[in-house]
Amino acid sequence: QVQLVESGGGLVQAGGSLRLSCAASGSIVSIATLGWFRQVPGKQRELVASITPGGRTNYGDSLKGRVTISRDNAKKTVYLQMNSLKPDDTAVYYCNADSIQPRFNYWGRGTQVTVSS
């Protein structure tokens, strides 16, 4: 069982920055690809960024160039540094842990990010 708890969301002005954190429990998280997704009402959840256990990163198009994902395996934590935020970045941001072998996929409860104009 893996539990994911996001933190760091909040209200920020356009052009500002936020750093999201996701703390994971469970030893198997070290073998998981950790990712951040976001969702606004009425739209599908979309990938923001992901990072493999070995540190290979993948970024979605929406925030590419303005976001950096990192992970600390010792602390079982994944971070998302977001810069130059825009009102369109307003969404609930979710942490995800995914593994192919063994197969599992877990979600956090999400953290709200609101960017004011």
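1. Some details on the side chain of Thr-77
Okay, so step 1: In this structure, Thr-77 sits in strand β8 (residues 77-82).
Okay, so step 2: In terms of polar contacts, Thr-77 uses its side chain to reach the backbone carbonyl oxygen of Lys-75, at 2.9 Å.

2. Let's talk about the pattern of salt bridges
Pairing between side chains of opposite charge can happen when their charged atoms approach one another.
Okay, so step 1: One pass over the full model with this rule turns up five salt bridges.
Okay, so step 2: Two residues, Asp-89 and Arg-38, come together in a salt bridge whose shortest N-O distance is 2.9 Å. In this pair, Asp-89 sits in the loop between β8 and β9 (91-99) while Arg-38 sits in strand β4 (residues 33-39), placing the two residues 51 residues apart along the sequence.
Okay, so step 3: Each member of the salt-bridge network shares a partner with another, and the members are Arg-38, Glu-46, Arg-66 and Asp-89.

3. Structural notes on the state of the cysteines
Okay, so step 1: Overall, the coordinates contain one disulfide when judged by the stated rule.
Okay, so step 2: Sulfur-sulfur distance for the disulfide between Cys-22 and Cys-95 comes to 2.1 Å. Residues Cys-22 and Cys-95 share a disulfide whose torsion about the S-S bond is about -85 degrees; that sign makes it left-handed. Separated by 73 residues along the polypeptide, Cys-22 in strand β3 (residues 18-25) and Cys-95 in strand β9 bring together distant segments of the chain.
Okay, so step 3: Judged by its relative accessible area of 1%, Cys-22 is buried.

4. A short note on the environment of Ile-69
Okay, so step 1: Locating Ile-69 in the fold gives a position in strand β7 (residues 67-72).
Okay, so step 2: Residue Ile-69 is classed as buried on the basis of its relative accessible area of 4%.
Okay, so step 3: For the pair Ile-69 and Arg-109, spaced 40 residues apart in sequence, the C-alpha separation works out to 19 Å.
Okay, so step 4: Sequence-distant contacts of Ile-69, that is, excluding residues within four places in its chain, are made with Leu-34, Gly-35, Trp-36, Ala-49, Ser-50, Ile-51, Thr-57, Tyr-59, Val-78, Tyr-79 and Leu-80.

Rules of the game
- Residues numbered from 1 in each chain as written.
- Predicted model: local features only at pLDDT ≥ 70, side-chain atom pairs only at ≥ 80, totals over all residues.
- Heavy atoms only, no water.
- Helix = DSSP H or I, 4+ residues; strand = E, 2+ residues; numbered from the N terminus.
- Polar contact = N/O pair within 3.5 Å; in protein donor to acceptor, adjacent residues only side chain to side chain.
- Salt bridge = Lys/Arg side-chain N within 4 Å of Asp/Glu carboxyl O.
- Disulfide = S-S within 2.5 Å.
- Buried < 20%, exposed > 50% of the residue type's maximum accessible area, 1.4 Å probe, protein only.
- Contact = heavy atoms within 4.5 Å.

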